Amino acid sequence: MPTPTTRRTTLAGFGLVGTLLATGAGGVSAQEEAAPAGEPVVVSFDFEADAQGWVPMVVDLPEGYDPEVGDLLQEWMPLPEGLDGHGLYSQAANQSDDLFMGWWSQVEGLAPVTEYLVEGTLVMASNMPGEIAGEPNSPAEVYVKFGAIDREPEAIVDDEGRLRLNADKGAEAEGGRDAVVLGTIANPDLERGEDFSTFALHELSTDEPMRPLTATATDDGTLWLFMGTDSGYPGFTTQFYDAVEMTFTPQ
């Protein structure tokens, strides 16, 4: 298994992305029974034992892309040296200058046909210090997003032959109808180093989004979550998703 500082290409995490998206692999149950009407539901993921049903996804690049060209890798693995536990790892060299890579999961057991306010906290491990965020064409300007929709996330091909998400996530620094921007991968607790080999945890949340994130559960009380990085930066970036906690409050 590669370390996060070793740029070794593998298809282990990406070779079946299209199939996984199409077949609906993955998913978790929020609880044993449907949530009582009017009560919030909290769902947590710590990724210690496995990926807990989260499935890798990548869009905003040409159909038939070669993962080896972009050095693409997404898989569950131990956190880097100096940090304890496991997480969901993503890396890529953004060859298309337009890339969204992340993970999705299905949450069941919500109240059927109910609109929910979706709020949450994401703990990431990043190797990008906050002080480089203001530099031109900075790798720290890679935007982290949360999304929620009433259908399985899927890569679809647009008229230009590019893979697009079947949801409105917005573009780069802008959120969309189905997603909000939490921040960037710039870690304010890191000092600038020479090789960006040091990772540290930092927390992002929906406490102060530009607008609230809402989604309506399906007839059987299901929603799909997605999270990822939306970037126009053409360089190589890496990040871990260490823990996620989501609260679904009926409206």
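Figured I'd write up the structure that's included with this text. Remember, predicted model here, so these are calculated numbers, not experimental data.

As a further point, take the packing of aromatic side chains. Throughout the structure, instances matching the rule amount to seven aromatic pairs. Taken together, a centroid distance of 5.2 Å and an interplanar angle of 80 degrees make the contact between Phe45 and Trp54 edge-to-face. Phe45 sits in the buried class, given a relative accessible area of 4%. A relative accessible area of 5% places Trp54 in the buried class.

What follows is about the side chain of Gln106. Counting through the fold element by element, Gln106 comes out in strand S6 (residues 99-108). For Gln106, the side chain forms a polar contact with the side chain of Glu108, separated by 2.8 Å.

With that settled, consider the pattern of salt bridges. Tallying each qualifying case throughout the model produces nine salt bridges. Between Asp168 and Arg177 there is a salt bridge, with its nearest N and O atoms 3.8 Å apart. The class of Arg177 is exposed, set by a relative accessible area of 55%. Between Arg177 and Asp178 there is a salt bridge whose closest N-O contact spans 3.5 Å. It is possible to trace a salt-bridge network through shared partners that takes in Asp60, Lys145, Asp158, Arg164, Lys169 and Asp230.

This paragraph deals with the pairing of strand S15 (residues 213-216). Here S15 shows one buried face, formed by Leu213 and Ala215, and one open face, formed by Thr214 and Thr216. Bridge count between strand S7 (residues 115-126) and S15: four bridges; the pairing is antiparallel. The residue bridging Glu115 from the neighbouring strand is Thr216, located in S15.

Checked against the element boundaries, Thr184 lands in strand S12 (residues 179-184). Residue classification places Thr184 among the buried positions, given a relative accessible area of 19%. Here the alpha-carbon distance between Thr184 and Ser126, two residues 58 residues apart in the chain, equals 9.8 Å. Here Thr184 is in contact with Ala140, Val142, Tyr143, Val144, His202 and Leu204, once residues within four sequence places are set aside. In terms of polar contacts, Thr184 uses its side chain to reach the backbone amide nitrogen of Ala186, at 3.0 Å.

The rules behind the values
Residues numbered from 1 in each chain as written. Predicted model: local features only at pLDDT ≥ 70, side-chain atom pairs only at ≥ 80, totals over all residues. Heavy atoms only, no water. Phe/Tyr/Trp six-rings, centres within 6.5 Å; stacked < 30°, edge-to-face > 60°. Buried < 20%, exposed > 50% of the residue type's maximum accessible area, 1.4 Å probe, protein only. Helix = DSSP H or I, 4+ residues; strand = E, 2+ residues; numbered from the N terminus. Polar contact = N/O pair within 3.5 Å; in protein donor to acceptor, adjacent residues only side chain to side chain. Salt bridge = Lys/Arg side-chain N within 4 Å of Asp/Glu carboxyl O. Pairing = 2+ DSSP bridges. Contact = heavy atoms within 4.5 Å.

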